[in-house]
Amino acid sequence: MDAFGHINHARMVTLLEEARVPLLFDDATAKGLGEFAKGTVVVRLGVDYRRPIVVDGRELRVGITMTQLRSASFTLAYRVHDGPSEEDSVAVTAWTMLAPYDLGAARPRRLGDEERAFLLAHIPEAAGG
């Protein structure tokens, strides 16, 4: 937290990561798509703060939608609520552009058909996305 007791920027970016990892790594691997866990990199990131989130032990809700799916990248949008409910105020909106990455070849790679199908099936499209 920062000096005012709010979640700081570095921790917010970590919270976004913690929200997407179970989906992209655990759920995808359980479906036989372990390549996400072997290499997915953040290409770009944007975070907009609407209100501070006070560190008080309360759970937060992070909603994830997909705004873009391309052949070698996909973009996720996040809505961080300042409580556990969908009705709690949205304190932060953010997005990450992610790319599958081949660690052995040290370069980005294209998404496979099964990976694209997984993303489409497991992440709702953002309205107007």
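Residues numbered from 1 in each chain as written. Predicted model: local features only at pLDDT ≥ 70, side-chain atom pairs only at ≥ 80, totals over all residues. Heavy atoms only, no water.

Undergrad: Where do I start with the environment of glycine 46 in this structure?
TA: For glycine 46, the location among the structural elements is in strand β1 (residues 40-49). Classification of glycine 46 as buried rests on a relative accessible area of 10%. For the pair glycine 46 and glutamate 125, spaced 79 residues apart in sequence, the C-alpha separation works out to 18 Å. Beyond its immediate stretch of four places on either side in the chain, glycine 46 contacts Thr93, Ala94 and Trp95. (Helix = DSSP H or I, 4+ residues; strand = E, 2+ residues; numbered from the N terminus. Buried < 20%, exposed > 50% of the residue type's maximum accessible area, 1.4 Å probe, protein only. Contact = heavy atoms within 4.5 Å.)

Undergrad: Before we go on, may I ask you to explain unusual backbone geometry in this structure?
TA: The general pattern is negative phi for most residues beyond glycine and trans for most peptide bonds. For alanine 106, which is not glycine, the phi dihedral falls at a positive 55 degrees. Here alanine 106 shows up in the loop between β4 (90-102) and β5 (107-108).

Undergrad: Help me understand the pattern of salt bridges in this model?
TA: Tallied over the full model, the rule gives five salt bridges. Between arginine 51 and aspartate 82 there is a salt bridge, and its shortest N-O distance comes to 4.0 Å. Linking arginine 51 in the loop between β1 and β2 (61-69) with aspartate 82 in the loop between β3 (74-81) and β4, this pair joins segments that are 31 residues apart in sequence. Put simply, arginine 109 and glutamate 115 hold a salt bridge, and the shortest N to O gap is 2.7 Å. Of the two residues, arginine 109 and glutamate 115, both sit in the buried class. (Salt bridge = Lys/Arg side-chain N within 4 Å of Asp/Glu carboxyl O.)

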